[in-house]
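# Commentary on secondary and tertiary structure
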Amino acid sequence: MSNTSYTPPGNAPWLDEGANAWQLTAASLVAFQSVPGLVVLYAGIMKGKWAINSAFMVRKTGIDCLALYAFAATLICWVIWAYKMGFGDQWIPLAGVPGPILSMDDLLKQAALPTAGFYPNFPMSTMVYFQFVFAAITLVIMAGAFLGRMNFTAWMVFVPLWLTLSYTVGAFSIWAGGFLFKLGVIDYSGGYVIHLSSGTAGFFGAMVIGPRLDIDREDKRPNNTLFVMVGAGMLWIGWNGFNGGDPYAASADAGAAVLNTNICTAMSLLTWTVLDVLFYKKPSIIGAVQGMITGLVAITPAAGVIAGWGAIVMGVLSGSVPWATMNLLQPRVVFLQWVDDTLGIFHTHMIAGFLGGFMTGILATVEGCAAFGLTNPGGAIEGNGRQVWVQIVGALFVIGWNMAITPLILLFIKFVLRIPLRFDESTLKIGDDAIHGEGAYVFDSMPLLHGHHDRHVDPLPAEEEGKDTYTPPSAVRAQVV
C-alpha cells in the first residue's frame, strides 16, 4: 500500500462535483454530435456509393470513414502534444508548449488555463476531454467539404497536421490567453475557433484537392433522407452541450446559453424554410436541415452573452444570409461554382460563423458578459462600438490563417510526401467498394452473414461496369433479403 500523502479527488477543496458532472455530460453531448450525429448525417446526405467513405472520414465506412478516423486520430494527437499547444503555458505568441498530458498527476489535478489565468472547479482530465471533442468536431465538419473524392491516406496525414498547425493556434489565440483573448474577442463556444476555421479551411482545402466527378456534382440527391434527419436531430440536441458547457459550470449563464441556442436554431430553420417556399414553391427537408445548422453555428459565439430577443434576430439573419449566398450568390459567381465544396461548408459554417461573430459585437449585453466572466462592457447596443471591430479583427485573423495554412499542408502532402490528394478516376467511379470493400447497404463481393456463404452479390455486367448508376436503398434491400 502507498504511504504518500495524496489527497483523494473527492476531498479536494477545489472540486465542484456538480460542475464536473455537467462538464462531462456536456462533453459527451458534443462527442455524440460527431459520432454518431455527423456520421449518420454525412452517410445519408451523400450518394449511396460514398456513404461508407464519408462516414469513415468520420468513421470506418467511406463517408463515415473520414469522420470516425478524424475523431479517433484527434484524441491521440490531443493527449500526446496538441492539448498543451492549445491550452497550456505560452510557448510562442500563437501557441502553448507542446507535450503530453497523460500522467495520473496531470489527470487528477485541478483544471487550469494558465496563460488566461483561469482555474475551473473540475479535474484536468475533464477539461482535456471537453476540449478534445471540440477539436474533433472541427475536423469532422471540415471533412464535409472534401467528401466524395479525397484520398483517405492523404486525410490520415492531414488530420494531425491541421490540428497542430491550425486548430491549436485559433484555440490558444482566442480562448487560452493569446493575443485575440487579450484584445477582447468574444467567442462564447467556437463560432470562430471551430466554425469559421473549419468553413474557411474546408473551402480552400476543397479548392486545392480538386472536384468530384461531374456526374457526382450534377446528381446531388441524398441516398437516405431519413438518415439526414436523424443525424440533424442528434446535432441539434447535442448542441445543448456544445454551448451549455462553456461557462465551465452548471451556472445560470449555461441555462441562458442553452435556451438561446434553441431559440436561434428554431428561428433560423423557419426562416430558411419560408424562403424555400417563397422562391421554390415547396419546403425542403435538406433546406430545413441547412437552416438548422446555420442557426446553431451563428449562435455559438454569442450563446450566453446575448438576450433572448437577440437570439431571434440572429436566427432570422442566420436563416436568410447563408440562404442567399447559397441560392442566389453562388449560381452567379464562377469561382464559388468552380470550388467543389461538397456539403456547402462555406455557407453553413464560414458565412454563418462570421455572421454570428459580427452580430455578437452588436448584440452582446453587459449582463451576459458579466455572467460569462468577461470584462467586456457588452456590444454596440450597450454603447460599446469597439466590440464590433474587435470581432472583425478576430474573424479576419482566423480566415487569413486558414486560407494560408490549409493549402500549404495539402501541398506538402502532395508534393513533398508524394501522396495524391484525390482518388484516381476509376476509384471515384466505383466509390466505397473500391476503397473499403464495403457498401452502405450490402457487402459487395463478400459472403452475406448468418451462414449464407453460398450467396454473393452478383457483379455488374461488363457493359454496365464503371457506370454511375443509382439504385434506391429499398431496391437494394429487396434484392438481397
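Notes on the structure follow. (Residues numbered from 1 in each chain as written. Predicted model: local features only at pLDDT ≥ 70, side-chain atom pairs only at ≥ 80, totals over all residues. Heavy atoms only, no water.)

## Side note on the overall build of the chain
Regarding its fold elements, the chain presents 20 helices and two strands. Considering the chain as a whole, with its 481 residues, one finds that 56% of them fall into the buried category. Look at the contacts in the chain between residues 6 or more apart in sequence, and 71% of them connect residues 24 or more apart. In the form shown here, the chain has an accessible surface area of approximately 19400 Å², with 67% of it arising from carbon and sulfur atoms. (Helix = DSSP H or I, 4+ residues; strand = E, 2+ residues; numbered from the N terminus. Buried < 20%, exposed > 50% of the residue type's maximum accessible area, 1.4 Å probe, protein only. Contact = heavy atoms within 4.5 Å. Areas by Shrake-Rupley, 256 points an atom, 1.4 Å probe, with all protein chains shown as cover.)

## A look at the environment of Ser189
Turning to its location among the elements, Ser189 is positioned in the loop between helix H7 (179–183) and helix H8 (191–209). Of note is the side chain of Ser189, whose polar atom sits 2.3 Å from the side chain of Asp246. (Polar contact = N/O pair within 3.5 Å; in protein donor to acceptor, adjacent residues only side chain to side chain.)

## Quick notes on the packing of helix H1 (residues 17–45) against helix H10 (residues 225–244)
Orientation of H1 relative to H10, taken along the N-to-C sense of each, is 160°, at an axis distance of 7 Å. Between H1 and H10, the angle is such that the two are roughly antiparallel. Between H1 and H10 lies a crossing of left-handed hand. Counted by class, the contact of H1 with H10 contains 18 nonpolar, eight polar and no charged residues. (Axes fitted to C-alpha atoms, helices over the stretch in contact; angles between N-to-C directions. Parallel < 35°, antiparallel > 145°, perpendicular 65-115°, else oblique. Left-handed = near helix turned anticlockwise from the far one by under 90°. Nonpolar A, V, L, I, M, F, W, Y, C, P; charged D, E, K, R; others polar.)

## A short note on helix H6 (residues 152–174)
With 23 residues, H6 extends 31 Å from end C-alpha to end C-alpha; this agrees with the ideal 33 Å at 1.5 Å per step. Of all the bends in H6, the greatest, near 40°, is centred on Leu163. Two or three places before Thr153, at the start of H6, stands the capping residue Asn151, its side-chain oxygen 3.1 Å from that residue's backbone nitrogen. (Expected span 1.5 Å × (residues − 1). Bend = angle between axes of the 7 residues up to and from the residue.)

## Digging into the packing of aromatic side chains
What characterises a pair of aromatic rings is the spacing of the ring centres plus the angle enclosed by the ring planes. In this structure the tally under the stated criterion is 28 aromatic pairs. Both rings, one in Tyr69 and one in Phe152, keep their centres 5.6 Å apart while their planes meet at 70°; by these two values the pair is edge-to-face. Placement of the pair is Tyr69 in helix H3 (residues 64–87) and Phe152 in helix H6, with a sequence separation of 83 residues. Classification of Tyr69 as buried rests on a relative accessible area of 16%. For Phe152, a relative accessible area of 13% translates into the label buried. Following the ring pairs from residue to residue traces out a cluster consisting of Trp78, Tyr83, Phe87, Phe118, Phe122, Phe130, Phe134, Tyr167, Trp175, Trp239, Phe242 and Tyr248. (Phe/Tyr/Trp six-rings, centres within 6.5 Å; stacked < 30°, edge-to-face > 60°.)

## What about helix H13 (residues 308–329)?
Here H13 is 22 residues long and its end C-alpha atoms lie 30 Å apart, about the 32 Å a rise of 1.5 Å per residue gives. Residues of H13 that are buried include every one of Gly310, Ala311, Met314, Gly315, Ser318, Gly319, Pro322, Trp323, Thr325, Met326 and Asn327, and no others. Contacts from the buried residues of H13 go to helix H11 (252–280), helix H12 (285–299) and helix H15 (345–363).

## Some thoughts on a nonpolar patch on the surface
Together, Val274, Leu278, Phe279, Tyr280 and Leu328 make up a nonpolar patch on the protein surface, roughly 480 Å² of accessible area in all. Sort the elements by how many residues they give to the nonpolar patch and H11 lands first, with four residues. Of note, Leu328 is situated in helix H13. A relative accessible area of 31% places Leu328 in the partly exposed class. (Patch = residues over 30% accessible without salt bridge, like charges linked within 9 Å, V, L, I, M, F, W, Y side chains within 5 Å. Salt bridge = Lys/Arg side-chain N within 4 Å of Asp/Glu carboxyl O.)

## Let's talk about the environment of Lys282
Within the fold, Lys282 resides in the loop between H11 and H12. With relative accessibility at 56%, the residue Lys282 sits in the exposed group. Dropping the residues within four chain positions of it, Lys282 is found in contact with Asp276 and Val277.

## Focus on the nonpolar core
Counting residues in hydrophobic clusters, the biggest one holds 104 residues, and the most contacted among them are Trp78, Trp155, Phe158 and Tyr167. In terms of residue count, the dominant contributor to this core is helix H5 (residues 124–143) (15 residues). In this structure Tyr167 touches Trp78, Gln131, Phe134, Ala135, Thr138, Trp162, Trp175, Val193 and Ile194, once residues within four positions along its chain are discounted. Core analysis: the second largest hydrophobic core is formed by 17 residues, Ile186, Ala257, Ala303 and Met359 among them. (Core = buried A, V, L, I, M, F, W, Y, C linked by side-chain atoms within 4.5 Å.)

No statement about biological role is implied by the geometric values presented.
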